[in-house]
Amino acid sequence: MEDKTVEMPEAAEDYSQYAPGMKILRRRRWCLFGLVLIYIPVMWLTLELSGSDRVAGMVFGVWILLVAIAVVFAAFAKCPRCGNFFHMQGFMPLYLRRCLHCELHVTADKKKH
């Protein structure tokens, strides 16, 4: 005999409850991606204003330190739905737009359901 159970549609999940956690997650992502995007303009401006490779090296050192900090903060941001690290599964961070565990989208709390 076959089991003929009828699948009931799940109740719509209230994503607005995740808004505070998602806001923190998005802020950390913006910080990381913003630091990556400003690299070329900052280095160009540093070389134009100072003309010194030594100063450019110091600016690069500060920039790489800030990027390393931003990478750690973004990688270890917790998913508000499942509680796991949003961008980490194993030891390698993947900065995708969905949680690597429960597949919660990074803008799920902003969408109308």
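Criteria and cut-off values
Residues numbered from 1 in each chain as written. Predicted model: local features only at pLDDT ≥ 70, side-chain atom pairs only at ≥ 80, totals over all residues. Heavy atoms only, no water. Helix = DSSP H or I, 4+ residues; strand = E, 2+ residues; numbered from the N terminus. Buried < 20%, exposed > 50% of the residue type's maximum accessible area, 1.4 Å probe, protein only. Contact = heavy atoms within 4.5 Å. Areas by Shrake-Rupley, 256 points an atom, 1.4 Å probe, with all protein chains shown as cover. Axes fitted to C-alpha atoms, helices over the stretch in contact; angles between N-to-C directions. Parallel < 35°, antiparallel > 145°, perpendicular 65-115°, else oblique. Left-handed = near helix turned anticlockwise from the far one by under 90°. Nonpolar A, V, L, I, M, F, W, Y, C, P; charged D, E, K, R; others polar. Phe/Tyr/Trp six-rings, centres within 6.5 Å; stacked < 30°, edge-to-face > 60°.

1. Section: the overall build of the protein chain
Secondary structure summary: the protein chain contains three helices and two strands in total. Across the protein chain, helices and strands are ordered from the amino to the carboxyl terminus as α-α-α-β-β. For the protein chain, with 113 residues in total, the buried portion stands at 26%. Intrachain contacts of the protein chain at a sequence separation of at least 6 include 46% that bridge at least 24 residues. For the protein chain, the accessible surface area stands at approximately 8500 Å², while carbon and sulfur atoms represent 65% of it.

2. With respect to the packing of helix α2 (residues 39–50) against helix α3 (residues 53–75)
Packing of α2 against α3 brings their axes to within 9 Å, and their N-to-C directions diverge by 155 degrees. Taken together, the axes of α2 and α3 are roughly antiparallel relative to one another. Here α2 runs over α3; the crossing is right-handed. Residues Y39, V42, M43, T46, L47 and S50 of α2 pack against D53, V55, A56, V59, F60 and W63 of α3. Along the lines of polarity and charge, the residues of the contact of α2 with α3 split into nine nonpolar, two polar and one charged.

3. Notes on the packing of aromatic side chains
As enumerated under the stated definition, the model contains five aromatic pairs in all. Between Y39 and W63 the ring centres are 4.4 Å apart and the planes differ by 45 degrees, which places this aromatic pair in the tilted class. On the criterion of sequence distance, the pair formed by Y39 in helix α2 and W63 in helix α3 is long-range, its members being 24 residues apart. On the basis of relative accessible area, W63 is assigned to the buried category, the value being 16%. An aromatic cluster is built from Y39, F60 and W63, whose rings are joined through pairwise contacts.

By themselves, these are just geometric observations and shouldn't be taken as functional.
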